[in-house]
Amino acid sequence: MREDLGGQSAVCPWTTQVGEDLLDMDLHAITAHSALHAKPSGLVLQYGTAGFRTKAEHLDHVMYRMGLLAVLRSKQTKSTIGVMVTASHNPEEDNGVKLVDPLGEMLAPSWEEHATSLANAEEQDLPGVLMDIIVKAAVDLQQDAFVVIGRDTRLSSEKLSQSVIDGVTVLEGQFHDYGLVTTPQLHYMVYCRNTSGQYGEATVEGYYQKLSKAFMELTKQPFCSEEEYRSLKVDCANGIGALKLKEMEHYISQGLSVQLFNDGTKGKLNHLCGADFVKSHQKPPQGIEMKSNERCCSFDGDADRIVYYYLDVDGHFHLIDGDKIATLISRFLKELLLEIGESLNIGVVQTAYANGSSTRYLEEVMKVPVYCTKTGVKHLHHKAQEFDIGVYFEANGHGTVLFSKAAETKIRQLAKELEDEKRKAAAKTLENILDLFNQTAGDAISDMLVIEAILTLKDLTIQQWDALYTDLPNRQLKVKVADRQVISTTDAERQVVTPPGLQEAISDLVKKHKLSRAFVRPSGTEDIVRVYAEADSQENADSLARAVSLAVFELAGGVGEAPPGF
């Protein structure tokens, strides 16, 4: 059924054609279905780095509309687009959604704006906002569309993913529902489909086979045989990672024995467990039995982050976060390139939250260039694409390694053609490491297998890995402010531009302690300012963090009580 869009004057022929195409889309069906996924009045959401996230009961309309948007993005790019229903490490009652672009990367910034305007449109404005997106993005509505959908294990996820499907089908898009998958698995599927299978087979089985083949090749060396050495305890955050690791277990059992904890059979998703809990609380998750010197790791709720940890003989907890994971991987890759005799350039990308000791170790000991970007995976991923081999990890354990097309071609050629046995073996190892990484996104399963392969090949214990360098003591605090926008930053968020006087105050405070630094940045979602400080002792880091927090409170419009001491 056609709807009259009303009189329009002086429009170009192309816009008129778009208008005709929009009529062909059957506006009546779009609005009728939208009424079944009604938007709560006054609700305003913002599409950020993590997509949309809020309480699950507020997301039905968003899911339907992201189904619509995914079809438009697919038509515009002439590619498969992904829609993932997850709220990652958020509490179980939350949910969220994010779109995956053609090469498995995050949604383009201009389309984040389209997502926000579409999600926030009132019912009567929906056709107009759709029209606006179609015109602005020059979407060819005659183009076919294909969307792939995945979801995590939250109780709300199945119904919400059905709302996405409703949005896809009302615009006559084709779709494939992968059902329960990790977020990085869906990124992988999108990339596989858009490279005609060159990156891998676009099935969960294909994912397991690609990773396990590379892992088993790497760990088949004869000295890797101690059973105890090759066992790992995994906290799955009561999330999707447990289901997928169980499915994958038999593919890798010859190279690694995994014991799963917080596997979803009891306990709440992300509650007192998972990578985010372990990193922020600096202590083991509940529900895992740890003995001294055992290797343990934690995934987050959608299995795109990983951190390692262990208890020493005195029962002290040691966390190995994304910084140390990046250091282990970078060191291994650099050693391999030296063995091969190949000078591909490696770059490590961090954020301001990276511990100063890790940066110093990489730059001064390993002589690897380190670059700092703004917080947010998309910034790190983008910077890592500038190198032959780009290693990026956030301190929270989200990261991967990217290989340029030229580097990948060179590595595969060397593995095939080198005549010197030692160099050829090193090139073959590098080729398998390349295949073991999920280059589309941070992936806890993939990163875990890479780490386990490196520890095995280098005959390293978790304590030896931890001892590469000692983290500087640090402290993170939050300060409530009336308006977070009064703070602006530069130099990858390491320097404050406004309000006047705040950076000078921070610089003066930093001078009072050894090996110290501090920075502040506004939250992306709420009126708080995040404070980070590190120094030569925990006492000094705490003192610096408190002093900087007070400076923020006084100079940037703090509200409520002044920041507390320790």
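Residues numbered from 1 in each chain as written. Predicted model: local features only at pLDDT ≥ 70, side-chain atom pairs only at ≥ 80, totals over all residues. Heavy atoms only, no water.

*Asks:* Quick question: what am I supposed to make of the overall build of the protein chain here?
*Replies:* Looking only at helices and strands, the protein chain has 19 helices and 19 strands in total. Expressed along its principal axes, the backbone C-alpha trace of the protein chain runs to roughly 75 × 60 × 50 Å. Taken over 566 residues, the protein chain has a buried fraction of 57%. Taking as baseline every contact in the protein chain between residues at least 6 positions apart, the subset at least 24 positions apart corresponds to 70%. Just so you have it, the protein chain exposes about 23700 Å², and 50% of that area is on carbon and sulfur atoms. Put simply, the protein chain has 57 plus and 80 minus side-chain charges, and the middle of one group is 4 Å from the middle of the other. (Helix = DSSP H or I, 4+ residues; strand = E, 2+ residues; numbered from the N terminus. Buried < 20%, exposed > 50% of the residue type's maximum accessible area, 1.4 Å probe, protein only. Contact = heavy atoms within 4.5 Å. Areas by Shrake-Rupley, 256 points an atom, 1.4 Å probe, with all protein chains shown as cover. Lys, Arg positive; Asp, Glu negative; His and termini not counted. Charge placed at Lys NZ, Arg CZ, Asp CG, Glu CD.)

*Asks:* What exactly am I supposed to notice about the side chain of T183 here?
*Replies:* Mapping T183 onto the fold places it in helix α7 (residues 183–194). Of the residues examined, T183 reaches a relative accessible area of 1% and is grouped as buried. Only 2.6 Å separates the side chain of T183 from the side chain of D302, close enough to count as a polar contact. Not counting the four nearest positions on each side in its chain, T183 is found in contact with M84, T86, K98 and D302. (Polar contact = N/O pair within 3.5 Å; in protein donor to acceptor, adjacent residues only side chain to side chain.)

*Asks:* Can you walk me through the UniProt feature "domain: Alpha-D-phosphohexomutase alpha/beta/alpha" (unreviewed entry) in the protein chain in this structure?
*Replies:* Per the UniProt entry, the sites bearing "domain: Alpha-D-phosphohexomutase alpha/beta/alpha" (unreviewed entry) are residues 75–124 and 142–191 in this numbering. Secondary structure content for residues 75–124 is 30% helix and 26% strand, and the end C-alpha separation is 24 Å. Along residues 142–191, the helical share is 46% and the strand share 26%, with 24 Å between the first and last C-alpha atoms. (UniProt positions renumbered as here; feature names shortened; annotations may be inferred.)

*Asks:* Just to check I follow, could you spell out the sheet that holds strand β18 (residues 517–522) for this structure?
*Replies:* Paired through backbone hydrogen bonds, the strands of a sheet run either parallel or antiparallel to each other. Overall, antiparallel pairing links the 3 strands, which are arranged β15-β19-β18 in an open sheet. Lying at the two open borders of the sheet, with one neighbouring strand each, are β15 (474–480) and β18. Strand-to-strand twist across the sheet, computed as the mean angle between neighbouring axes with direction ignored, equals 15°. As judged from the 7 bridges shared by β15 and strand β19 (residues 528–534), these two strands associate in the antiparallel manner. For R475, the partnering residue across the bridge sits in β19 and is A533. On the sheet, helix α19 (residues 538–555) packs against β15, β18 and β19 and is oriented at approximately 20° with respect to β15. (Pairing = 2+ DSSP bridges. Axes fitted to C-alpha atoms, helices over the stretch in contact; angles between N-to-C directions.)

*Asks:* I tried to follow the domain arrangement of the protein chain on my own but got confused; where do I start?
*Replies:* Assigned domains of the protein chain: these are domain 1 (13–180), domain 2 (199–471) and domain 3 (474–556). Of note, the centres of domain 1 and domain 3, computed from C-alpha atoms alone, are 38 Å apart. (Domains from an automatic or database assignment.)

*Asks:* Help me understand the UniProt feature "binding site: substrate" (unreviewed entry) in the protein chain, please; the structure alone is not making it clear to me.
*Replies:* Listed under "binding site: substrate" (unreviewed entry) in the UniProt record, and renumbered for this structure, are E394, A395, N396, R521, P522, S523, G524, T525 and R530. Tracing the backbone through its elements, the reader meets P522 in strand β18. Not counting the four nearest positions on each side in its chain, P522 is found in contact with R484, I487, T489, I528 and V529. Of the residues examined, R530 reaches a relative accessible area of 26% and is grouped as partly exposed. With residues near it in sequence (within four places) discarded, R530 still touches Y353, L477, K478, F519, V520, R521 and S523.

*Asks:* How should the pairing of strand β4 (residues 146–151) be read in this particular structure?
*Replies:* Where a strand is regular, its side chains alternate between the two sheet faces. Extensive coverage of β4 is indicated by the burial of 5 of its 6 residues. As paired strands, strand β2 (residues 80–85) and β4 are joined by 6 bridges and run parallel to one another. Bridging from a neighbouring strand, T80 pairs with F146 of β4. Judged from the 6 bridges that link them, β4 and strand β5 (residues 174–180) form a sheet pairing that is parallel. Each bridged residue has a counterpart across the sheet, and for G150 the counterpart in β5 is G179. Handedness of the β4-helix α6 (residues 157–170)-β5 crossover: right-handed. (Right-handed = clockwise from strand over helix to strand, strands pointing away.)

*Asks:* What am I meant to see in the environment of S161 here?
*Replies:* Of note, S161 is situated in helix α6. Those residues in contact with S161 that sit more than four places away from it in its chain are V85, I149 and R151.

*Asks:* Any chance you could explain helix α2 (residues 27–36) here in plain terms?
*Replies:* Along an α-helix, a turn takes 3.6 residues, which lines up residues three or four apart on a common side. Looking only at α2, the buried set comprises L27, A29, I30 and S34. Viewed end-on, α2 has its buried residues packed into an arc of 165°, placing them on one side of the element. Turned more than 90 degrees away from the buried face of α2 sit A35 and L36, all of them exposed. (Arc of directions from axis to C-beta.)

*Asks:* Sorry, what's going on with the packing of helix α15 (residues 421–436) against helix α16 (residues 444–457) here?
*Replies:* To describe two helices that pack against each other, one gives the angle between their axes and the distance between the axes. In contact at an axis separation of 9 Å, α15 and α16 are set at 155° when each is read in the N-to-C sense. As judged from the angle between their axes, α15 and α16 are roughly antiparallel. Mapping the contact onto sequence places T429, I433 and L436 in α15 and S446, L449, V450, A453, I454 and L457 in α16. Across the contact of α15 with α16, the residue classes break down as 7 nonpolar, 2 polar and no charged. (Parallel < 35°, antiparallel > 145°, perpendicular 65-115°, else oblique. Nonpolar A, V, L, I, M, F, W, Y, C, P; charged D, E, K, R; others polar.)

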